[in-house]
Amino acid sequence: MKDAQQQMDEIDDQLVALFKQRMSLAKEVAAQKYQHHESISNRGREADERVRLVKKLDDKQLASFLVDWLRDTTLITKQYQAHVIKDLQDAEN
Ligand SMILES: C=C(O[C@@H]1C=C(C(=O)O)C=C[C@H]1O)C(=O)O
């Protein structure tokens, strides 16, 4: 049990590094969306990614849990992008 929990903590360390990387890229995408007056949400891309990743997971039992995880991740990403765009707007005024 201890060993499994320790391994989960190590995975969390990797997730934090990946979270930071993903949010940094989301910031770049947000700036491009702001520049081109595009909406934050891209439901088509979200749906395509969901299909691709569920296929990649290849696990029927885990599929709906992955979909929930992706939904939360995408929501948090879009909240961050809204925050980034607000900062860009404020900087212009
Ligand atoms: C990161 C983007 O912005 C939004 C967030 C996404 C995500 O977190 O996967 C996907 C599409 C968009 O709704 C993007 O357009 O690529």
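Residues numbered from 1 in each chain as written. Predicted model: local features only at pLDDT ≥ 70, side-chain atom pairs only at ≥ 80, totals over all residues. Heavy atoms only, no water.

Going by the annotation in an unreviewed UniProt entry, the name recorded for the protein chain is Chorismate mutase domain-containing protein, with Lactobacillus selangorensis given as the source organism.

Caption draft 1: How the structure looks around the site of the ligand. All residues adjacent to the ligand are Arg 22, Val 29, Lys 33, Ile 40, Ser 41, Asn 42, Arg 45, Glu 46, Thr 74, Thr 77, Lys 78 and Gln 81. Between the ligand and Asn 42, the relevant distance is 2.8 Å, taken from an oxygen atom to a main-chain nitrogen or oxygen of the residue. Here an oxygen atom of the ligand sits 2.5 Å away from a polar atom, N or O, in the side chain of Glu 46. In isolation the ligand offers 360 Å² of accessible surface; the protein chains occlude 91% of this area. Of all elements in the fold, only α1 (2-35), α2 (43-57) and α3 (60-92) reach the threshold of two or more residues within the shell around the ligand. Counting residues per element, the shell around the ligand draws most heavily on α3, which supplies 4 residues. In terms of residue class, the shell around the ligand is built from 2 nonpolar, 5 polar and 5 charged. (Near = heavy atom within 4 Å. Polar contact = N/O pair within 3.5 Å; in protein donor to acceptor, adjacent residues only side chain to side chain. Areas by Shrake-Rupley, 256 points an atom, 1.4 Å probe, with all protein chains shown as cover. Helix = DSSP H or I, 4+ residues; strand = E, 2+ residues; numbered from the N terminus. Nonpolar A, V, L, I, M, F, W, Y, C, P; charged D, E, K, R; others polar.)

Caption draft 2: A look at the environment of Ala 82. Inspection of the secondary structure assignment puts Ala 82 in helix α3. Residues Ala 82 and Lys 55 lie 27 residues apart in sequence; the distance between their C-alpha atoms is 30 Å.

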